[in-house]
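Chains, contacts and geometry: an overview
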Amino acid sequence: MDNGASSYRRFRENGDENGFIEIVRDYKDGLIFYLNSIVRNIHIAEELAEDTFVMLGTKKPVYKVKASFKTWLYTIGRNIALNYLKKNSKYTKVSFDDIANLESDENNLEETYIKYEEKIIIHRALRKLKPEYQQVLWLIYFEELSNKETAGIMKKSVHNIETLAYRARKSLKSQLEMEGFGYEKL
C-alpha cells in the first residue's frame, strides 16, 4: 500500500486529520498541473483540485486497491474537471484584463514546482501540444505513472496509451526543435 493510500485509510477510518493533510501536501501540485492540462486555466485547475480534496474530505469515498492511490485520486480530479467543462462549455470566465495575471500566476507556480530550466522549457512546449498529448506525457513522465495507471485515468486501453505516448513524444520533440531546443532523451 502506498503512502497516499495509508494516509487516506488513517483519515477515513480513524479520523486522523494529519492523514488528509499529508494527501493534500503530497498530491496538490501535481493534481493542479494535470487538471490545468484539461481546463487550460491555472486558477480553475486550482479550484478543481480543491474541489477534489473537499470531496475526498467530506464524502470520503471508498478507495479500492485496484490501482495506486495517485491513479484513483487523479481519476476523481479528471471526472470533476470534465463535469466542470460540460457545465461551463458555453461560457468564458476570463476577462481580457485577467489574461496577463493568469500567465503570471501560472509561471510562478511552474517555477515553484519545476526546479530546472530544462523542465520549464519542456513544460512550455508541452502546453502547445494537443490536450490529450499533454495529459499522457504529464501522467507518464512528470507524475511517473505506469502506462496501465495512465490508461485507467484517461479511460483508454494500455495499447492506446502506448500509441498516444509515442505520438505525443514525437510531437513534443518536433515542438522543441522548432523552438531551437534539442532534447536527446525523447
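Here is a short report on the structure shown in this document. Just so you know, these numbers come straight off a predicted model, no measurement behind them. (Residues numbered from 1 in each chain as written. Predicted model: local features only at pLDDT ≥ 70, side-chain atom pairs only at ≥ 80, totals over all residues. Heavy atoms only, no water.)

**Describing unusual backbone geometry**
- Of note in the backbone geometry, K60 takes a positive phi value of approximately 45° without being a glycine.
- Turning to its location among the elements, K60 is positioned in the loop between α3 (42-59) and α4 (69-87).
- Take K60: its relative accessible area is 29%, and that puts it in the partly exposed class.
- Of note in the backbone geometry, K155 takes a positive phi value of approximately 60° without being a glycine.
- Along the polypeptide, K155 turns up in the loop between α8 (147-154) and α9 (158-178). (Helix = DSSP H or I, 4+ residues; strand = E, 2+ residues; numbered from the N terminus. Buried < 20%, exposed > 50% of the residue type's maximum accessible area, 1.4 Å probe, protein only.)

**A look at α8**
- The complete set of buried residues in α8 reads E149, T150, A151, I153 and M154.
- The elements touched by buried residues of α8 are α2 (17-39), α4, α7 (131-142) and α9.
- Of the residues one or two after α8, K155 is the one with positive phi, at around 60°. (Contact = heavy atoms within 4.5 Å.)

**As for the environment of K128**
- In this fold, K128 is placed in the loop between α6 (117-127) and α7.
- Classification of K128 by relative accessible area gives exposed; the value is 54%.
- Between the alpha carbons of K128 and S171 there is a distance of 9.7 Å; along the sequence they are 43 residues apart.
- With residues up to four places along the chain from it excluded, the contact list for K128 reads Q134, Q175 and E179.

**Remarks on helix α1 (residues 3-14)**
- In this model α1 runs 16 Å from its N-terminal to its C-terminal C-alpha over 12 residues, within 8% of the 16 Å that 1.5 Å per residue would give.
- Buried residues of α1: G4, A5, S7, Y8 and F11, and no others. Looking straight down α1, one finds that the buried residues subtend no more than 165° of arc, so they occupy a single side. Turned more than 90 degrees away from the buried face of α1 sit N3, E13 and N14, all of them exposed.
- Those residues of α1 that are buried lie in contact with α2, α3 and α4.
- G15 sits one or two residues past α1 and shows a positive phi near 70°. (Expected span 1.5 Å × (residues − 1). Arc of directions from axis to C-beta.)

**Topic: the packing of aromatic side chains**
- In this structure the tally under the stated criterion is 11 aromatic pairs.
- Both rings, one in Y8 and one in F11, keep their centres 6.5 Å apart while their planes meet at 40°; by these two values the pair is tilted. Of this pair, Y8 and F11 both sit in helix α1, 3 residues apart, which is roughly one turn of the helix.
- The exposure class of Y8 is buried, given its relative accessible area of 2%.
- Both rings, one in Y27 and one in F69, keep their centres 5.6 Å apart while their planes meet at 55°; by these two values the pair is tilted. Of this pair, Y27 sits in helix α2 while F69 sits in helix α4; the two residues are 42 residues apart in sequence, bridging distant segments of the chain. The residues Y27 and F69 share a single accessibility class, namely buried. (Phe/Tyr/Trp six-rings, centres within 6.5 Å; stacked < 30°, edge-to-face > 60°.)

That is the geometry; function is a separate question.
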